[in-house]
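Single-letter residue listing:
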Amino acid sequence: MIEYIYFEVGIEDHPRTQEFFRRFPKATKIPCNHYKEVFNPRGQSFRLQKKNPALILAKQNGKKIHPIPASYGVGGSQNFYFSHLLNCLYDCRYCFLQGMFPSAHYVLFVNFEDFQSEIKKKHDDLGDSPSWFFSGYDCDSLALESLTGFAQDFIPFFRKLPNSWLEIRTKSIASQVLEKTDPLDNAVVAFSFTPEEISQQLEHKVPSVQSRIKAMKKLANLGWKIGLRIDPIIDCVDFNTRYAKLFEQLITALPAESLHSVSLGAFRMPTGFFRSIQKLYPKEQLFSGKLEKKNGNIAYRAEIEKERISTCQSLLLSHIPKEKLYLCDPVEIK
Amino acid sequence: MNFIIALQAEAKPLIDALKLKKVSGSLPFPTFQNDNHQLVVSGIGKIASAGATGFSLGKSHAQDHPFPFLNIGIAGHGSLGVGTLFIADRIFSENHSSIYYPPQLVDSEIIRSPLQTCELPNRDYQEKKGYDMEAHSFYTTASKCVTRELVQVIKIVSDNLHQPLDTFNPKVVSKLVETNLPTILGLVRSLEKLANEISPDRETLAFRRDALHSQNFTETQTHLLVQLLNHSKSFDIEEAKILQSLKNENSAKSALKALAHLIEPYRILS
Ligand code: SF4
């Protein structure tokens, strides 16, 4: 339920803004000049705001498409991300957004058309070489679909750009929008997972692993390509047993041909973000793990990280061909 | 909870309801207190309000426990009726570029309204907004030290187009506040509850104090110790065991080492 809508006065008449006003007639509407007036001030409590975030409607005037290194991709040589939405419905304790953003309010950039023309331009510039566009970098791509209409708008758009791939990264089971439309050949619906016990402990408000597997299976059976994102890998007791069980559950649920890729990513976070999140949740066990500072990031001690990734690799390779397995190399912050 | 209120007449109903006692001694502002509340009567205008808020912040140990700050008072309004209570959702001032948007997390029936802080009493009620003389500088000062969700401004309409300021009878000020007291106290309770969610509990603070006094820690060591104490809390390690391990050592350095050693086996998610 949205009780407060802040909106930039410049986009008051945008059809998407007007649509929100119609859908939430009881919400208090508060004008602002720029979304950063509401979102950016220091001295806000992400933790308290998370209880009842407001919606901020804004226009993204800056650059909309950003490059990411190939080492973060799943096979493409040109990789980009874009953020139509800042913040997430869910509340994963390891999520870097809590450390990066001063506010937990949802910022929705209503000018989807400008994102799309920048993507189109990139597509045209790159000619025949396939490029990847990752959504859900600063949010979950589907969790707020009923609010944002993101997939409903971007899927038909990508259907016209066969050389451009869209990754829809999610932990949501709100996949009706995908079920209702023909699968998109150049899209991957990428579900992120941690083992059930870890998910219960750290992924607050996220649907259970079982229900996500069910949603994923349904999409796979409808012909959608599925990605598995084991990211972040979390050190825990009974690590091998828990991750082996998770992989078994995931792989057996999917028809082999629907599995596009599996990627592994270690738990890593820029030190500044980590410190902010630790202050929000000083008693969180995750932050008291066997961690160390490396190259501007907080991560598991090198020997643990190496061991856990290699365990996951070998467990996965007993189920899938190595061409489908990707390791996400973290960006080193100097 | 800290209240910053311009006039004694506006403050009186709260002083009575919360049984606040006047703090004796030579203080820059009349101050009233009980165990959990502090009320400072600022006087009229931005400078007085900023001064009283700064004074209150200095007395409230905001760093240990995030106490909410509430500015209450009467205000003119462009559309609301006299006696109506409203909470400011946007606060701006004629002479400042900064605009504040106090995050609204408390579920309440109180009407929300923009509020403009003016240098002089307002006699023009053109727009649908409130007019006061303190809120902006109160917010500027309080939000420097207290998280914005806990800094709020509520006003009661005293004058509008139909009953302009010149016809206002100052004798009814207390009555206006008194009539809205149940709603105001409800908001106070909700803000206190919110503050408790992000405050370390009293036992944790006492335990931390004991641990800090167990050895002569330098500033850097104190920082490390607090970090280790938080870790020990996250794994529910017995406090007595921790204090003992610190006290058993004969230097701050070895105490930290002993504590790190004690926590090490726990450092994994179960
Ligand atoms: S689902 Fe993703 S974006 Fe949302 S809170 Fe969890 S990690 Fe963050």
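Before going into details, it helps to say that this report is about the structure given with it. All values reported here derive from a predicted model rather than from experimental measurement. By convention here, each chain's residues receive numbers from 1 onward along its written sequence. Think of it this way: whatever chain is written first is A, whatever ligand is written first is 1, and the rest follow in order. The predicted origin of the model limits local features to residues at a pLDDT of at least 70 and limits the giving and counting of side-chain atom pairs to 80 or more, whereas totals for whole chains, interfaces and linings rest on all residues. To obtain the side-chain values, all non-hydrogen atoms of the structure were included, while hydrogens and water were left out.

## Quick word on the overall build of chain B
Thinking step 1. When helices and strands are counted, chain B shows nine helices and ten strands.
Thinking step 2. Each radius of gyration reported is based on C-alpha atoms, and the globular scaling rule is 2.2 Å times the count of residues to the power 0.38. For a compact globule of 270 residues, the expected C-alpha radius of gyration is about 18 Å, and chain B comes in at 23 Å, more than 25% above that figure.
Thinking step 3. In this scheme, a residue with accessible area under 20% of its type's maximum is buried, one over 50% is exposed, and one in between is partly exposed, where area comes from a 1.4 Å probe on protein chains only. Counting every position in chain B, which comprises 270 residues, the buried fraction comes to 54%.
Thinking step 4. Asp and Glu count as negative and Lys and Arg as positive, but His and the ends of the chain are not part of the count. Charge positions come from single atoms, namely NZ of Lys, CZ of Arg, CG of Asp or CD of Glu. Taking the average place of the 27 positive charges on the side chains of chain B and the average place of its 28 negative ones, the gap between the two points comes to 3 Å. Numbering of helices and strands runs from the N terminus; a helix is a DSSP stretch of H or I covering at least four residues, while a strand is a stretch of E covering at least two.

## What about the overall build of chain A?
Thinking step 1. Each helix and strand counted, chain A has 13 helices and 18 strands in total.
Thinking step 2. Scaling as 2.2 N^0.38, a compact globule of 334 residues should have a C-alpha radius of gyration of about 20 Å, and chain A matches this with 20 Å.
Thinking step 3. If one aligns the C-alpha atoms of chain A with their principal axes, the spans along those axes are about 55 × 45 × 40 Å.
Thinking step 4. The buried share of chain A, reckoned over its 334 residues, is 58%.

## Here we look at the site of the ligand
Thinking step 1. The environment of the ligand is formed by A:Cys88, A:Tyr90, A:Asp91, A:Cys92, A:Tyr94, A:Cys95, A:Leu97, A:Cys139, A:Asp140 and A:Lys171.
Thinking step 2. A per-class count over the shell around the ligand returns seven nonpolar, no polar and three charged. Working definition: residue near molecule or strand if any one of its non-hydrogen atoms lies within 4 Å of it. Three residue categories are used. Nonpolar comprises Ala, Val, Leu, Ile, Met, Phe, Trp, Tyr, Cys and Pro, charged comprises Asp, Glu, Lys and Arg, and polar comprises the others, including Gly.

## A look at empty space enclosed by the protein
Thinking step 1. With a 1 Å grid laid over protein atoms only, a set of points is called a cavity when a 1.4 Å probe fits there but cannot get out and a pocket when it is open yet has protein on both sides within 12 Å along at least five of seven lines; lining residues have an atom within 4 Å of a point. Grid points are joined across faces, edges and corners, and a volume is the space filled by probe spheres set on the points. Going through the model one piece at a time under the given rule, you end up with six cavities of 30 Å³ or more.
Thinking step 2. Roughly 70 Å³ of internal volume is contained in the largest cavity.
Thinking step 3. Taken together, A:Glu37, A:Val38, A:Pro41, A:Gln44, A:His105, B:Ile99, B:Tyr100, B:Tyr101, B:Pro103 and B:Arg148 make up the full set of residues lining the largest cavity.
Thinking step 4. For the lining of the largest cavity, the secondary structure elements donating two or more residues are α2 (35-39) of chain A together with β7 (96-100) of chain B.
Thinking step 5. Residues that form the lining of the largest cavity fall into these classes: six nonpolar, two polar and two charged.

## Some words on the pattern of salt bridges
Thinking step 1. Within this document, salt bridges are pairs made up of a side-chain nitrogen of Lys or Arg and a carboxyl oxygen of Asp or Glu, the two lying within 4 Å of each other. Applying the stated criterion to the full structure yields 27 salt bridges over all chains.
Thinking step 2. Measuring nitrogen to oxygen at the nearest pair gives 2.9 Å for the salt bridge that ties A:Arg301 to B:Glu264. With A:Arg301 in the loop between β17 (297-300) and α13 (302-317) and B:Glu264 in the segment after α9 (252-263), this pair bridges two chains.
Thinking step 3. The class for B:Glu264 is partly exposed, based on a relative accessible area of 27%.
Thinking step 4. With a closest N to O distance of 2.7 Å, B:Lys233 and B:Glu239 form a salt bridge.

## Description of the interface of chain A and chain B
Thinking step 1. Working rule for contacts: check all heavy atoms of both residues, and any pair within 4.5 Å makes them a contact. Each partner contributes residues to the interface: chain A has 42 residues there, and chain B has 31 residues.
Thinking step 2. For any pair of parts, buried area is found by adding up, for both, the accessible area (1.4 Å probe) each one loses once the two are put together. Carbon and sulfur atoms make up 52% of the area that chain A and chain B hide from each other, which totals about 3100 Å².
Thinking step 3. Linking chain A to chain B there are two salt bridges.
Thinking step 4. The definition of a polar contact used here is a pair of N or O atoms within 3.5 Å, where within protein one atom must be able to donate a hydrogen and the other to accept one, and adjacent residues in sequence count solely through side-chain atom pairs. At the boundary of chain A and chain B, one finds 17 residue pairs in polar contact (both at pLDDT 80 or more).

## Considering the sheet that holds strand β3 (residues 55-58) of chain A
For sheets, the rule is that strands pair by backbone hydrogen bonds, running either parallel or antiparallel.
Residue and element names in this part refer to chain A.
Thinking step 1. Spatial ordering of the open sheet is given by β2-β1-β3-β8-β6, a layout of five strands whose pairing is mixed. Pairing within the sheet leaves two strands with one partner each, and these edge strands are β2 (28-32) and β6 (85-86).
Thinking step 2. What counts as an axis is a line fitted to C-alpha atoms, over the stretch in contact for a helix, and the angles between N-to-C directions run from 0 to 180 degrees. Of the strands in this sheet, β1 (4-8), β2, β3 and β8 (106-109) touch helix α1 (residues 15-23), which is tilted by about 155 degrees from β3. What makes two strands pair is DSSP finding at least two bridges between them.

## Here we look at the sheet that holds strand β4 (residues 65-67) of chain A
All names here are of chain A.
Thinking step 1. The strand order β4-β5-β9-β10-β11-β13-β14-β18 describes an open sheet built from eight strands, whose pairing is mixed. The sheet is open, and its two edges are formed by β4 and β18 (325-328), each paired on a single side. Along the sheet, successive strands turn relative to each other by an average axial angle of 25 degrees, direction set aside.
Thinking step 2. With four bridges joining them, strand β9 (residues 131-134) and strand β10 (residues 164-170) adopt parallel strand pairing. Across the sheet, the residue bridging to Ser131 is Ser164, located in β10.
Thinking step 3. Sheet contacts for α13: β13 (225-233), β14 (259-266) and β18; angle to β14, the most-contacted strand, approximately 165 degrees.

## Examining the pairing of strand β5 (residues 69-77) of chain B
All names here are of chain B.
Thinking step 1. Within β5, nine of the nine residues are buried, leaving the element largely enclosed by the surrounding structure.
Thinking step 2. The two faces of β5 match: Phe69, Asn71, Gly73, Ala75 and His77 on one face and Leu70, Ile72, Ile74 and Gly76 on the other face are all buried.
Thinking step 3. Of the strand pairs in this sheet, strand β1 (residues 2-5) and β5 are connected by four bridges, and their pairing is parallel. The residue bridging Ile5 from the neighbouring strand is Ile72, located in β5.
Thinking step 4. The sheet contact formed by β5 and strand β10 (residues 151-159) spans eight bridges and is parallel. Opposite Gly76, over in β10, you have Asp159 as the bridge partner.
Thinking step 5. Note: β5 against strand β9 (residues 130-132), two bridges, orientation antiparallel. What sits directly across from Gly76, in β9, is Tyr131.

## Some thoughts on the side chain of B:Asn122
Thinking step 1. Positionally, B:Asn122 belongs in the loop between β8 (111-117) and β9.
Thinking step 2. A distance of 2.7 Å separates the side chain of B:Asn122 from the backbone oxygen of B:Asp124, its partner in a polar contact.

## Some words on the packing of aromatic side chains
Aromatic ring pairs are reported here in terms of the distance separating the ring centres and the angle at which the planes meet.
Thinking step 1. Here a pair means two rings of Phe, Tyr or Trp (six-membered ring of Trp) with centres within 6.5 Å. Their orientation is stacked below 30 degrees between planes, edge-to-face above 60, and tilted elsewhere. Inspection of every chain in the model, using the stated rule, returns 29 aromatic pairs over all chains.
Thinking step 2. Seen in terms of ring centroids, A:Tyr81 and A:Tyr137 are 4.1 Å apart; in terms of plane orientation they differ by 25 degrees. Their pairing is stacked. Here the residue A:Tyr81 occupies a position in strand β5 (residues 78-82), and A:Tyr137 occupies one in the loop between β9 and α6 (145-148), the gap between them amounting to 56 residues.
Thinking step 3. Taking the relative accessible area as the measure of exposure, A:Tyr81 reaches 17% and is therefore buried.
Thinking step 4. For the ring pair B:Tyr125 and B:Tyr131, a centre distance of 6.4 Å and an interplane angle of 85 degrees mean the geometry is edge-to-face. The residues B:Tyr125 and B:Tyr131 share a single accessibility class, namely buried.

Spatial relationships are all this shows, so hold off on functional conclusions.
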